[in-house]
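Chain residues, written in single-letter form:
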Amino acid sequence: MPKLTLYFGPGACSLVPHITLEEAGAAFEAKPISLRKGHQRTPEYLALNPKGKVPLMLVDGKPLTENIAIAYYLAKSFPAAKLLPMGDLNAEAEAMSLLGWCGSGIHPRFGALFAPQKLCDLPDSADNVKKLAAEDTAKNFAMVEKMLAGKEWILGQWSVVDAYLFVFWRWAGFLKLDLSGYPNYAKHAARMAERPSVKRALERETSAQAELDKAA
Ligand SMILES: N[C@@H](CCC(=O)N[C@@H](CS)C(=O)NCC(=O)O)C(=O)O
């Protein structure tokens, strides 16, 4: 098995592969960086990932970026963990559809809620950008809510998509968005929080955050 090294920012979307690696029972080196302190823009980090983003996973030293690609890599590398459907074309395509929506539909809206000025830097535009992003996010959450009706996990059995959905739920909590209209999603998040893989990843992220805050 190649050596796997995950660069993550505590609380960021890199929690998706972090949970996935734990779920797979993979041996990996965890390398926390502080997005608040701009570690993603240091020359050393940019040499590994010119996008200046997390997650970044090194596979025997070779950089792999993008949540979806890392999910695919891990699912293929650890088939016994059943991280994504494999072998049934329709199920595989449905998983890709959901992962694509997470990565290019839901995720960028949240980015706008955290950093509206990256989308529009006109004076006094931030509140409007956030309002539009919050409206879109509410629409996305309403769709997730429907999809989760009567289901424990979004694809029936646990998959990386559930990890991605969990990250959004946590972000919504950080931003104190009104989550009262999504009882299925709330139960999904509670189920996620009970998984040993999630507990281990969150514990590591919490202690990493404390260390990063302490460091100069
Ligand atoms: N499409 C990328 C998105 C990665 C991304 O946006 N990462 C954010 C954290 S959630 C980041 O690193 N932001 C730091 C920055 O933009 O400076 C993926 O799926 O991996």
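Residues numbered from 1 in each chain as written. Predicted model: local features only at pLDDT ≥ 70, side-chain atom pairs only at ≥ 80, totals over all residues. Heavy atoms only, no water.

Caption draft 1: Region of interest: the nonpolar core. Ile 19, Phe 141, Phe 168 and Tyr 185 are the most contacted members of the largest nonpolar core, which totals 56 residues. Per element, the largest residue contribution to this core is 11 residues, and it comes from helix α6 (residues 160-174). The two domains that each donate at least three residues to this core are domain 1 (4-82) and domain 2 (89-196). Apart from residues lying up to four places away in sequence, Phe 141 is in contact with Phe 110, Phe 168, Trp 169, Ala 172, Leu 179, Tyr 182 and Tyr 185. Ala 12, Ile 33, Val 54 and Leu 56 belong to the second-largest nonpolar core, a separate cluster that totals 7 residues. (Core = buried A, V, L, I, M, F, W, Y, C linked by side-chain atoms within 4.5 Å. Buried < 20%, exposed > 50% of the residue type's maximum accessible area, 1.4 Å probe, protein only. Helix = DSSP H or I, 4+ residues; strand = E, 2+ residues; numbered from the N terminus. Domains from an automatic or database assignment. Contact = heavy atoms within 4.5 Å.)

Caption draft 2: How the structure looks around the site of the ligand. For the ligand, the set of nearby residues contains 14 residues, the closest of which are Cys 13, Gln 40, Lys 53, Val 54 and Glu 66. The contact in question runs from an oxygen atom of the ligand to an N or O atom on the backbone of Asn 67, over 3.0 Å. Interatomic distance of 3.1 Å between a side-chain N/O atom of Lys 118 and an oxygen atom of the ligand. Residue composition of the shell around the ligand, by class: 6 nonpolar, 4 polar and 4 charged. Here the shell around the ligand spans two domains, since at least three of its residues come from each of domain 1 (4-82) and domain 2 (89-196). (Near = heavy atom within 4 Å. Polar contact = N/O pair within 3.5 Å; in protein donor to acceptor, adjacent residues only side chain to side chain. Nonpolar A, V, L, I, M, F, W, Y, C, P; charged D, E, K, R; others polar.)

Caption draft 3: Just unusual backbone geometry, in detail. In this structure, the amide linkage connecting Val 54 to the following residue, Pro 55, adopts the cis form with an omega of 0 degrees. Within the secondary structure, Pro 55 is located in the loop between α2 (43-48) and β3 (56-59). In this structure, Glu 66 takes a positive phi of about 80 degrees despite not being glycine. For Glu 66, the location among the structural elements is in the loop between β4 (62-65) and α3 (67-77). At Lys 82, a residue that is not glycine, the phi angle is positive and equals roughly 50 degrees. When you line up the elements, Lys 82 lands in the loop between α3 and α4 (89-114).

Caption draft 4: Main features of the domain arrangement of the protein chain. When its domains are assigned, the protein chain resolves into domain 1 (4-82) and domain 2 (89-196). The centre of domain 1, based on its C-alpha atoms, is set 20 Å off from the matching centre of domain 2. Contact with domain 1, which involves 14 residues of that partner, is made by 17 residues of domain 2. Across the interface of domain 1 and domain 2, roughly 1,300 Å² is buried in total on both sides, 73% from carbon and sulfur atoms. The three residues of domain 1 that bury the most area against domain 2 are Val 16, Glu 23 and Ile 68, which together make up 35% of that side's buried surface. At the junction of domain 1 with domain 2, the criterion picks out 1 salt bridge. The closest approach of N and O atoms between Glu 23 and Arg 195, which form a salt bridge, is 2.6 Å. Run the count over domain 1 and domain 2 and you get 2 residue pairs in polar contact (both at pLDDT 80 or more). Every element with two or more residues in the side of domain 1 that touches domain 2 is listed here: α1 (15-24) and α3. Counting residues per element, the side of domain 1 that touches domain 2 draws most heavily on α1, at 5 residues. (Buried area = accessible area lost by both parts, 1.4 Å probe. Salt bridge = Lys/Arg side-chain N within 4 Å of Asp/Glu carboxyl O.)

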